[in-house]
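Structural characterization, general
Now for the letters of each chain:
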Amino acid sequence: KVKNVQYDIMTNTPEQTMGIVVKEMKRCKRGAVRMGLGEVWLSPPCNTYCKMGPINKEHQFRDAKNPLRKPIKGTKKGEQAEEADALVQKALKLIEFLASKKAEQLRTGEMMVVEGVEVDLRGMEWFMENPVGMLAMQDYMQQFLEEFQYDVVRRTVDYCAWGHYYQKPTHVWTSMIFWEPSG
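Now for a look at the structure at hand. (Residues numbered from 1 in each chain as written. Predicted model: local features only at pLDDT ≥ 70, side-chain atom pairs only at ≥ 80, totals over all residues. Heavy atoms only, no water.)

Digging into the pattern of salt bridges
Charged atoms that come close allow side chains of opposite charge to pair. Tallying each qualifying case throughout the model produces 7 salt bridges. A salt bridge links Asp139 to Lys70, with the nearest nitrogen and oxygen atoms 3.1 Å apart. Of this pair, Asp139 sits in helix α2 (residues 139-147) while Lys70 sits in the loop between β3 (33-43) and α1 (76-108), placing them 69 residues apart in sequence. The partner of Lys101 in a salt bridge is Glu104, with the nearest N and O atoms 4.0 Å apart. Placement of both Lys101 and Glu104 in helix α1 is noted, with a separation of 3 residues, approximately one turn of the helix. Residue classification places Lys101 among the partly exposed residues on the basis of a relative accessible area of 24%. (Salt bridge = Lys/Arg side-chain N within 4 Å of Asp/Glu carboxyl O. Helix = DSSP H or I, 4+ residues; strand = E, 2+ residues; numbered from the N terminus. Buried < 20%, exposed > 50% of the residue type's maximum accessible area, 1.4 Å probe, protein only.)

Observations regarding the packing of aromatic side chains
A complete count under the given rule lists 6 aromatic pairs for this structure. A ring pair is formed by Phe144 and Phe148, whose centres lie 5.0 Å apart and whose planes are at 40 degrees; its orientation type is tilted. Note on Tyr165 and Tyr166: the rings are 5.0 Å apart at their centroids and 85 degrees apart in plane angle, and the pair reads as edge-to-face. A relative accessible area of 78% places Tyr165 in the exposed class. (Phe/Tyr/Trp six-rings, centres within 6.5 Å; stacked < 30°, edge-to-face > 60°.)

A closer look at the nonpolar core
One finds Val88, Leu92, Trp126, Met128, Met141 and Trp173 to be the most contacted residues of the largest nonpolar core, which totals 25 residues. Looking at this core, the elements that each hand over two or more residues are β3, α1, β6 (125-131) and α2. Residue contributions to this core peak at 6 residues, all from α1. Excluding residues within four positions of it along the chain, Met141 makes contact with Val88, Leu92, Met128, Leu135, Ala136 and Trp173. (Core = buried A, V, L, I, M, F, W, Y, C linked by side-chain atoms within 4.5 Å. Contact = heavy atoms within 4.5 Å.)

Examining the side chain of Lys102
Looking at the element boundaries, Lys102 is found in helix α1. Not counting chain neighbours up to four residues away, the residues in contact with Lys102 comprise Leu121, Arg122, Met124 and Glu125.

A closer look at the pairing of strand β8 (residues 169-174)
The element β8 is extensively covered by neighbouring structure, given that 5 of its 6 residues are classed as buried. Where β6 lies against β8, 5 bridges are found, and the strand directions are antiparallel. In the strand pairing of β8, Met128 is matched with Trp173. Here strand β7 (residues 153-158) pairs with β8 via 6 bridges, running antiparallel. Bridging across to β8, Thr156 finds its partner in His171. (Pairing = 2+ DSSP bridges.)

Here we look at α1
For α1, built from 33 residues, the straight-helix expectation of 48 Å at 1.5 Å per residue is met to within 8% by its first-to-last C-alpha distance of 48 Å. The complete set of buried residues in α1 reads Gly78, Ala81, Ala84, Asp85, Val88, Ala91, Leu92, Ile95, Leu98, Lys102 and Gln105. (Expected span 1.5 Å × (residues − 1).)

A short note on the packing of α1 against α2
Axis separation between α1 and α2 bottoms out at 11 Å; the angle between their running directions is 10 degrees. Our classification of the angle between α1 and α2 gives roughly parallel. The hand of the α1/α2 crossing is left-handed. Here α1 contributes Asp85, Val88, Gln89, Leu92, Ile95 and Glu96 to the contact with α2, which in turn contributes Tyr140, Met141, Phe144 and Glu147. Among the residues making up the contact of α1 with α2, the classes are represented as 6 nonpolar, 1 polar and 3 charged. (Axes fitted to C-alpha atoms, helices over the stretch in contact; angles between N-to-C directions. Parallel < 35°, antiparallel > 145°, perpendicular 65-115°, else oblique. Left-handed = near helix turned anticlockwise from the far one by under 90°. Nonpolar A, V, L, I, M, F, W, Y, C, P; charged D, E, K, R; others polar.)

Considering the layout of surface pockets
Its volume calculated, the second largest pocket comes out at about 240 Å³. Lining the second largest pocket are 14 residues, and of these Ala99, Lys102, Trp126, Asp151 and Ser175 lie nearest its centre. Where the lining of the second largest pocket is concerned, the elements lending two or more residues are α1 and β6. Of the residues forming the lining of the second largest pocket, the biggest block, 4 residues, is contributed by α1. The residue inventory of the lining of the second largest pocket, partitioned by class, reads 10 nonpolar, 1 polar and 3 charged. (1 Å grid on protein atoms, 1.4 Å probe; cavity = no way out; pocket = protein on both sides within 12 Å on 5 of 7 lines; lining within 4 Å. Points joined across faces, edges and corners; volume = space filled by probe spheres on them.)

Following this line, the structure appears as structure tokens:
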């Protein structure tokens, strides 16, 4: 018999949330293990991309005079902003890698194998969220959107649509191009 199991693999710290939901894991013929990857959720640190930075000293991670809002050089907060940029760029590389492997699987039917486990990416979708602000302005985000213009959409969602008492407009970038947020 084949047994399906759902796993949630989360990295959850105050600074970041990165999650992968494995939709099923089952033992196949000849004892091989196959894992079906569901969603990849990426939430980079929002404080370093906050729109309030130019007027709120608590959120001054980026240079308000620079139209691309680059990190402030020579400060601890500027270093945190550089770390956040590096984290987002790594997340984008992960998305690119998984998307290319998914396309290859759809084309060839061959599974990716990681440490003896077959990984089925055919149903995988990804999401990256960050409050409306400076992340969308970053040159690496613009380049990513240009490169994957037919495979990525950015939607704006308000937290109040899901019962929160505040609005907090948030961008969600996703591979689910037909997804329209509703709440």
